[in-house]
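# Examination of the molecular architecture
Now for the letters of each chain:
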Amino acid sequence: MLIVLRGLQIGITGGQNLFDIPQSVLYLGNAVWLGLPASIWICGGLFAAGILALGFLRHGRAVYAIGGNVDAARAAGIRTDRVVWIVLMIGGLLAALAGLLMTGRLGSVASAQGDGMIFTVFAAAVIGGVSLDGGKGTLFGALCGVIVLGLINNILTLGGVSAQWIQAIYGGIILVALILARVTSGKAQD
Amino acid sequence: MTSSGAGTPAPTTAATAGTPLPAVAASDITKRYGATTALLEAGIAVAPGETHALVGRNGAGKSTLVSILTGLQRADSGEVRFAGEPAPALSDRDAWRRLVACVYQKSTIIPTLTVAENLYLNRQGGGLINWRSLRRRASGLLDGYGVDVDPARVAGELTVEQRQLVEIARALSFGARFIILDEPTAQLDAAAIERLFDRMRQLRDSGVTFMFISHHLQEVYEVCQTVTVFRDARHVLTAPVTDLPHDELVSAMTGDAGPLLSSGAARAPVGDAPAVLSVGGLRLAGFYEDVDLTVRAGEMVGLIGSGSSGKVALAETIAGLRKADGGTVTVAGNRPRPGSVPSALAAGLGYLPQDRHREGLVPLLSVAENATLPIAGKLGPAGVIAPARRRAAARRMIGAYDIKTAGPDQPVNALSGGNAQKVVLARALSNDPKALVMVNPTAGVDVRSKESLLGAVASAATGGTGVLVVSDELDDLRSCDRVLVMFHGRVVREVPRGWADADLIAAVEGVRAPLEGAREQ
Ligand SMILES: Nc1ncnc2c1ncn2[C@@H]1O[C@H](COP(=O)(O)OP(=O)(O)OP(=O)(O)O)[C@@H](O)[C@H]1O
Ligand SMILES: [Mg+2]
């Protein structure tokens, strides 16, 4: 799916970078509210809302239940298919919003913008303690993962490591995080 | 025998003489899964206030009926009524749960969530969840049913018995007056079963109606008033238990009149064959201490003990699932690395885990793939698996172990509970292990299949495998050459073949005087 959409994007834009972007699209990405970029406010607000929803709302807890045991969730009266679809839709919406913010900040759309970001997201979630088996993890943990990765990125950049190597280092961090997650999640079998 | 036609069994107990409407009635239910007919015009009627047993061989359609009676699945045809009213719509889960509560054969506890959240899943109340009050309500609920579990614990850490008690408490908390228990006793030890039955009797005295499914027929006589038998997807008979002696019940289930074979058929004594499994001075704090035992080639040794005896932890240590604090495990002369399953397997150990859903099977793979996992290397040259040979090997196993399935390509999660257990056992034996450790090998397996499974184990022993059977079911242990009794983490007695049931039970419970005569009704 990701590959199809990427291909579609390249097809439509002819593989060109887009510079001529209307102001309304750029606004969110470069506006400053109360002395901080709007994207920080938006991001903080969304994380707070997400933490609240996943921790304290019935529908949010249903997501955990589905991750833990689908059949049991269904038996408890959770409409599992519907919840999964809604979660996917919210995920897509948030990704679109993130793209908008990034475009606004950069002022243009590079044809490879966001390429490989899925791995960063993956790494942030795992580092934040989100279980890939499902049913475990918190949004706060994921936020910490994002911040840790962001810090590492900044340190590497400030330390003068070239952008090409940062990718490799990210990969290494994902690996180490996966191994640690495996080792610390109780007795690893086989 | 008050046998009645399929679909319209009459309610029978005296308690219901004045109330003609059954608490629940299913009639002419048909349910098909592709080519498999799980139920064919079958029905059941449960009178209010009675405890109604549903029995039948593995794959007879019992759990399918349960899922229809609890509104998880729609029948292809047929009708369900509660106290004369038609059943609610399938999408109205809350209405179903007010009418009928159920402890399913497969656990419906979510292991990653806390006990409190499991209890109130999807009914935490509107708006923001107040976790503290949720925990308080949960501990009130658990106390009310006398369940001693901390609601803040993660459910995955609970023992099998605790998990089941939580399920029962949750089921009751909806206020349903009709409760279905699908093989609740398959994984419990004798003391836990007794506690469960006490609880059921109390609830029945307060007017709760039960439907009870079990393969332990003596339990049917102990707690039930009426029994319904299903065979090959059909209703066979419904009768008061007092009118139906054990042998007639078995022949109604199996469809033939032959008596049960005695499973204690004698094998040649092993003499001083070499030891294939020996355990020396093994200890694990909190579970067992200083355990020594030896199993010789061709020998069958039983290990019995209550839930707190540490016998399962001992088996798991031998298999490498746990790491002992000290002591040695020797398999066929080798010392596998402690705490390593692959190393134990490489040394020639076969292991049948207690919880087949968690450790035994890969749910989406086919029966053939699951059954042949350990012998995959032998099915073709250089690690390539020839599908035809795998299917042939699987077909042999399906025949030998009497597994009821649509074919080797059916995914294992579509098998009935007992048939899944047979796949696990077939797999454990497929590799010709030198030593075999089995935990509750016949849990959830019907009476007739039990014989064939135990026969297969005995013939593996005759072929030179040393077998350790860890179980609290006396029938599993009858063909063992000797039985070790564990009590509070120590092996306290060794009993040679030919023991009396009462003696062994007394030893398990830590008393020597025979005391169990009163249990039979
Ligand atoms: N989801 C499914 N897909 C295909 N077949 C199924 C499915 N569920 C059950 N079956 C088949 O329906 C039949 C009846 O299964 P059911 O689980 O009701 O048996 P059971 O009487 O509960 O047996 P057991 O005593 O072993 O639990 C079996 O042959 C089984 O293979
Ligand atoms: Mg079943």
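Quick caveat, the model's predicted, so the values are computed rather than measured.

## What to know about the coordination of the magnesium ion (ligand 2)
Coordination sphere of the magnesium ion (ligand 2), protein contribution only: S63(B) (OG) and Q105(B) (OE1), at 1.9 to 2.1 Å. Separated by 42 residues along the polypeptide, S63(B) in helix α1 (residues 62-69) and Q105(B) in the loop between β6 (101-103) and α3 (115-119) bring together distant segments of the chain.

## Thoughts on the packing of helix α3 (residues 38-56) of chain A against helix α4 (residues 58-68) of chain A
Residue and element names in this part refer to chain A. Close contact between α3 and α4 brings their axes to 5 Å; oriented N to C, the two are set at 70°. In terms of orientation, α3 and α4 fall into the roughly perpendicular class. Taken together, the residues of α4 that come into contact with α3 (itself represented by A53, L54, G55 and F56) are R58, G60, R61, V63 and Y64. When grouped by side-chain class, the residues that make up the contact of α3 with α4 number 5 nonpolar, 2 polar and 2 charged.

## Considering the domain arrangement of chain A
Residues and elements named next belong to chain A. What the domain assignment reports for chain A is domain 1 (22-107) and domain 2 (114-190). Centre-to-centre, using C-alpha coordinates, domain 1 lies 19 Å away from domain 2. Both sides of the domain 1 and domain 2 interface together cover about 690 Å² of buried area, and 78% of this is carbon and sulfur. Interface area lost by domain 1 to domain 2 is led by F47, I51 and Y64, which between them contribute 63%. Summed over the shared surface of domain 1 and domain 2, the result is 0 salt bridges. Contributions of two or more residues to the side of domain 1 that touches domain 2 are made by α3 and α4. Here the side of domain 1 that touches domain 2 gets 4 residues from one element, more than from any other, and that element is α3. When its residues are assigned to classes, the side of domain 1 that touches domain 2 shows 5 nonpolar, 3 polar and no charged.

## Observations regarding the site of ligand 1
Residue and element names in this part refer to chain B. If you check the shell around ligand 1, you find 20 residues, and the closest are K62, S63, T64, S416 and G418. At 3.2 Å, a backbone N or O of A60 approaches an oxygen atom of ligand 1. The separation between an oxygen atom of ligand 1 and a polar main-chain atom of G61 is 2.9 Å. Starting from 640 Å² of accessible surface for ligand 1 in isolation, the protein chains cover 87%. Looking at the shell around ligand 1, the elements that each hand over two or more residues are β2 (36-46), α1 and α14 (417-430). Here the shell around ligand 1 spans two domains, and each of domain 1 (24-109 + 158-254) and domain 2 (275-520) adds at least three residues to it.

Analysis parameters
- Residues numbered from 1 in each chain as written.
- Chains lettered and ligands numbered in written order.
- Predicted model: local features only at pLDDT ≥ 70, side-chain atom pairs only at ≥ 80, totals over all residues.
- Heavy atoms only, no water.
- Donors = N, O, S within 2.8 Å, 3.2 Å for Na, K, Ca; no water.
- Helix = DSSP H or I, 4+ residues; strand = E, 2+ residues; numbered from the N terminus.
- Axes fitted to C-alpha atoms, helices over the stretch in contact; angles between N-to-C directions.
- Parallel < 35°, antiparallel > 145°, perpendicular 65-115°, else oblique.
- Contact = heavy atoms within 4.5 Å.
- Nonpolar A, V, L, I, M, F, W, Y, C, P; charged D, E, K, R; others polar.
- Domains from an automatic or database assignment.
- Buried area = accessible area lost by both parts, 1.4 Å probe.
- Salt bridge = Lys/Arg side-chain N within 4 Å of Asp/Glu carboxyl O.
- Near = heavy atom within 4 Å.
- Polar contact = N/O pair within 3.5 Å; in protein donor to acceptor, adjacent residues only side chain to side chain.
- Areas by Shrake-Rupley, 256 points an atom, 1.4 Å probe, with all protein chains shown as cover.

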